[in-house]
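Descriptive analysis of the structure
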Amino acid sequence: MSSESLMDHPAFARTPPWVKAKLRPFAIEKIKQVYEWVETECIPAERIFKAQIKDNRWKNPPIIHELRQKAKAQGLFNLFLPNHFKESPGLTNLEYSCCAEIMGKVYWAPQTMNCHAPETGNIELLAKYCSPEQKKKWLEPLMNGEMSSAYSMTEPDVASSDATNIACSMKITDTEVIINGRKLYANCQYNEDLNIYILMGCSDPENPNPWNRHTTIVVPARTPGLKQVRNLTIMGFDCAPEGHGEYIYDNVRVPKENIILGPGRAFEIAQGRLGPGRIHHCMRLIGQAERAYELALVRCIEPRKKPRGKLIGQFDSNIERIADMRMTIDSMRLVVLNAADTMDYAGNKAGKYAIAQSKILVPNALLKVIDEAMQMYGGQGLTQHTPLPEIWTYARFVRVADGPDAAHRHQVGRDQMKTAQGVRTRFEEYTRKYQELCKKWELEPEEFWGIV
Ligand SMILES: Cc1cc2nc3c(=O)[nH]c(=O)nc-3n(C[C@H](O)[C@H](O)[C@H](O)COP(=O)(O)OP(=O)(O)OC[C@H]3O[C@@H](n4cnc5c(N)ncnc54)[C@H](O)[C@@H]3O)c2cc1C
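Residues numbered from 1 in each chain as written. Predicted model: local features only at pLDDT ≥ 70, side-chain atom pairs only at ≥ 80, totals over all residues. Heavy atoms only, no water.

Its place among the elements puts Ile259 in the loop between strand E7 (245–255) and helix H10 (266–272). For the pair Ile259 and Gln134, spaced 125 residues apart in sequence, the C-alpha separation works out to 9.4 Å. Beyond its immediate stretch of four places on either side in the chain, Ile259 contacts Gln134, Ile172, Val177, Thr215, Thr216 and Ile217. (Helix = DSSP H or I, 4+ residues; strand = E, 2+ residues; numbered from the N terminus. Contact = heavy atoms within 4.5 Å.)

Further remarks concern the domain arrangement of the chain. Per the domain assignment, the segments of the chain are domain 1 (3–116), domain 2 (149–266), domain 3 (274–417) and domain 4 (420–452). Put simply, the middle of domain 1 and the middle of domain 4, counted by C-alpha atoms, are 56 Å apart. (Domains from an automatic or database assignment.)

As a further point, take the nonpolar core. By size, the foremost hydrophobic cluster in this structure holds 103 residues, and its most contacted members are Val34, Val38, Leu79, Tyr96, Met113, Leu126 and Leu366. At 11 residues, helix H13 (residues 352–376) tops the list of elements feeding residues into this core. Within the second largest apolar cluster, 18 residues are counted, among which are Ala150, Met170, Leu226 and Tyr247. (Core = buried A, V, L, I, M, F, W, Y, C linked by side-chain atoms within 4.5 Å. Buried < 20%, exposed > 50% of the residue type's maximum accessible area, 1.4 Å probe, protein only.)

The next subject is the site of the ligand. Among the 19 residues in the neighbourhood of the ligand, the closest are listed as Tyr151, Met153, Thr154, Ser160 and Ser161. At a separation of 2.7 Å, a nitrogen atom of the ligand approaches a polar backbone atom of Tyr151. Take Ser160: an N or O atom from its main chain is 2.9 Å from an oxygen atom of the ligand. When the ligand is considered free in solution it has 980 Å² of accessible area, and contact with the protein chains removes 68% of it. Those elements that place two or more of their residues in the shell around the ligand are strand E1 (149–152) and helix H15 (405–417). Per-element accounting of the shell around the ligand gives the leading share, three residues, to H15. (Near = heavy atom within 4 Å. Polar contact = N/O pair within 3.5 Å; in protein donor to acceptor, adjacent residues only side chain to side chain. Areas by Shrake-Rupley, 256 points an atom, 1.4 Å probe, with all protein chains shown as cover.)

Let's shift gears to the pattern of salt bridges. This model, assessed by the stated rule, comprises 33 salt bridges. Among the salt bridges present, the one from Asp238 reaches Arg57, with a minimum N-O distance of 2.8 Å. Remark: Arg57 occurs in the loop between helix H4 (46–53) and helix H5 (62–73) and Asp238 occurs in the loop between strand E6 (226–231) and E7; sequence separation between them is 181 residues. The partly exposed category is assigned to Asp238, whose relative accessible area is 21%. A salt bridge links Arg253 to Glu176; its shortest N-O distance comes to 2.4 Å. With Arg253 in strand E7 and Glu176 in strand E3 (residues 176–184), the pair connects residues that are 77 residues apart, well separated along the chain. The class of Arg253 is partly exposed, set by a relative accessible area of 45%. The network of salt bridges with common partners includes Arg14, Glu101, Glu290, Arg326, Asp330 and Arg333. (Salt bridge = Lys/Arg side-chain N within 4 Å of Asp/Glu carboxyl O.)

Further remarks concern helix H6 (residues 93–103). Of all 11 residues making up H6, 11 are buried, and the element is well covered by its neighbours. Among the residues of H6, those classed as buried are Asn93, Leu94, Glu95, Tyr96, Ser97, Cys98, Cys99, Ala100, Glu101, Ile102 and Met103. Next to the buried residues of H6 lie helix H2 (17–20), helix H3 (25–42), helix H7 (109–112), helix H11 (280–300) and helix H12 (316–346).

This paragraph deals with the UniProt feature "domain: Acyl-CoA dehydrogenase/oxidase C-terminal" (unreviewed entry) in the chain. The sites that UniProt annotates as "domain: Acyl-CoA dehydrogenase/oxidase C-terminal" (unreviewed entry) are residues 267–414. For residues 267–414, the helix share is 70%, the strand share is 0%, and the end-to-end C-alpha distance is 20 Å. (UniProt positions renumbered as here; feature names shortened; annotations may be inferred.)

Given below as structure tokens:
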């Protein structure tokens, strides 16, 4: 059977042809499997999830435990880990993008496949930098779904988007590391399924090189002295059961062998974390926006909603709105797929610009799509009658999480400025050639003020 006919399936309804051309038969099967999983096991269970966490906010509900077992048995675990890792199930970043978009349709569906944040970034970090002993202790159980992890870098007292500011103190002795400081956002300690924090702190504040001052360490979640002060709500949502905590580290003692890579090497690790994990949220957000779009379509033909005797979708303004939503999602998908493909083709470092492009453009554009869907639902669009407020909140937090879009914009702009001199040199060459041509054609060269 040709690859094209293998893709005669709703999972590929919006897949661009250049992407289809790159998908291998193994990946095509996985993408279909993820589609069937989300359509049949996750979307119908959304209300079950909500009902099960209603009275027990900080425990992963039974439906999640059951679905994780089933997904693992079906070979759907850890699909995010790119195929250059020996622990990878074998997909490229581009192939995984197609899966992640589908997973994104339900906020918690990635968790059923062990493909949720921050687990994905943490597993990639551990796979890249851990010693064999550390891998046995943390990487294997995380990949098997027997452990759960959080990532703890951000602090309330410094601008954490510039990680050289991270101040949480780490005193390294011969045998242990003593940690003191305050941290924000890492997943909730209240959730008893959480086992470890991967923490970045400052171990050598006097080091003249600011890139060698920090250390990354694994902190077991129930270590004495580590206290969660409260859960932080995000736009009013408690984000249960994973949550986002506010923490105090008060003389927290951790064995020295929990340090990853070595003291002072946190920035090497942070650099390595700048890869695909940075755009997993964007990949999933495309799926969330598709969900908002489909809700808008359904509202357009809802027979009970007829202002001035017409269906919502019979107003020209809404027909145009649907067109804009469709085109925005499709163009943002191209941005994300391009970033994934660039990392596959040229490596994570070369993908820096495409990753930033994705982080800046995608949540901003999709926020507008989701907002329009809310508007078409009227008041109900802002209530729990639809998942739209949660979808909007997700898009909004992607503008900040994994670095605010302003920081990415700053980086892109600064890199672009470095190209200005090359462009100027080329312009000067045009002028030199123009002057030559003037001589040849016996014309007086014109003077243009401000143009080289
Ligand atoms: C829902 C959610 C989940 C999160 N999860 C985690 C987690 O699991 N672990 C974790 O450690 N952190 C997490 N974070 C924190 C997140 O990564 C940080 O909030 C983010 O990196 C920004 O750091 P900051 O809050 O200290 O803001 P700051 O660094 O103070 O930045 C604030 C603002 O300053 C401006 N700014 C900053 N840099 C520049 C620049 N270069 N150019 C122009 N303007 C700039 C921008 O307007 C920016 O939004 C999470 C955040 C949210 C909202």
